[in-house]
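If you want the building blocks of each chain, they are given just below.
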Amino acid sequence: MKKIILGLLLLGSTLLAEVTHTPATPQLIKETTMKIIDIRTKGEWVETGIVKDSYLLTFFDERGNYDIEDFLAKLNMIVDKNEEFALICRTGSRTGMLSNFLGHKLNYKVINLKGGLMKLFREGFEPEYYAPPKK
């Protein structure tokens, strides 16, 4: 099943999907009122910080594994399927694939923030410190 879903993700990233691909800019981040979902790993959040008020929802783990059903269940607790939202990752590669899959195959209204956090950092973006929740 995972191979089929990964194939759909890869295929979806090459098809013309009903997804908006917008460059990640500090101005966009500052002015947006839509929800931003950071799909990076916990280690990446700790290493580089996060976008203030973003939702932290890992898609691919450190080994490249994912659980689409778990991700969608958590995503649906954050956004309504008809609500526009944005995805961000380190460089935009992961969000490019996932945005196309969510938008083209599942009809979410998703914006891929192209260039990700690395583009934001090059343009002077100051992230918020991420402190893992204490257990």
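Here is a short report on the structure shown in this document. Just so we're clear, the structure is a prediction, and the values are computed from it rather than from any experiment.

### Points about the overall build of the protein
And then number 1: Across its full length, the protein holds six helices and five strands.
And then number 2: Going from the N terminus to the C terminus, the protein shows its helices and strands as α-β-α-β-α-β-α-β-α-β-α.
And then number 3: Nonlocal contacts in the protein, meaning residues at least 24 apart in sequence, comprise 70% of its contacts between residues at least 6 apart.
And then number 4: Approximately 7,800 Å² of the protein is accessible, and the part contributed by carbon and sulfur atoms is 54%.

### Regarding the sheet that holds strand 2 (residues 35-38)
And then number 1: With parallel pairing, the five strands of this open sheet are ordered in space as 1-5-4-2-3. Two strands bound the open sheet, and with one partner strand each, they are strand 1 (20-23) and strand 3 (55-56).
And then number 2: Pairing between strand 2 and strand 4 (residues 84-88): four bridges, direction parallel. Of the residues in strand 4, the one forming a bridge with Asp38 is Ile88.
And then number 3: Each of strand 1, strand 4 and strand 5 (109-114) is contacted by helix 5 (residues 93-105), which is oriented at about 165° to strand 5, the strand it contacts most.

### Section: the pattern of salt bridges
And then number 1: Scanning the entire structure with this criterion turns up five salt bridges.
And then number 2: Its salt-bridge partner being Asp70, residue Lys74 comes within 3.1 Å of it at the nearest N-O pair. Of this pair, Lys74 and Asp70 are both found in helix 4 (residues 68-78), four residues apart, which corresponds to roughly one turn of the helix.
And then number 3: Given a relative accessible area of 38%, Lys74 falls into the partly exposed group.
And then number 4: Among the residues examined, Asp70 registers a relative accessible area of 34% and is labelled partly exposed.

What counts as what
- Residues numbered from 1 in each chain as written.
- Predicted model: local features only at pLDDT ≥ 70, side-chain atom pairs only at ≥ 80, totals over all residues.
- Heavy atoms only, no water.
- Helix = DSSP H or I, 4+ residues; strand = E, 2+ residues; numbered from the N terminus.
- Contact = heavy atoms within 4.5 Å.
- Areas by Shrake-Rupley, 256 points an atom, 1.4 Å probe, with all protein chains shown as cover.
- Pairing = 2+ DSSP bridges.
- Axes fitted to C-alpha atoms, helices over the stretch in contact; angles between N-to-C directions.
- Salt bridge = Lys/Arg side-chain N within 4 Å of Asp/Glu carboxyl O.
- Buried < 20%, exposed > 50% of the residue type's maximum accessible area, 1.4 Å probe, protein only.

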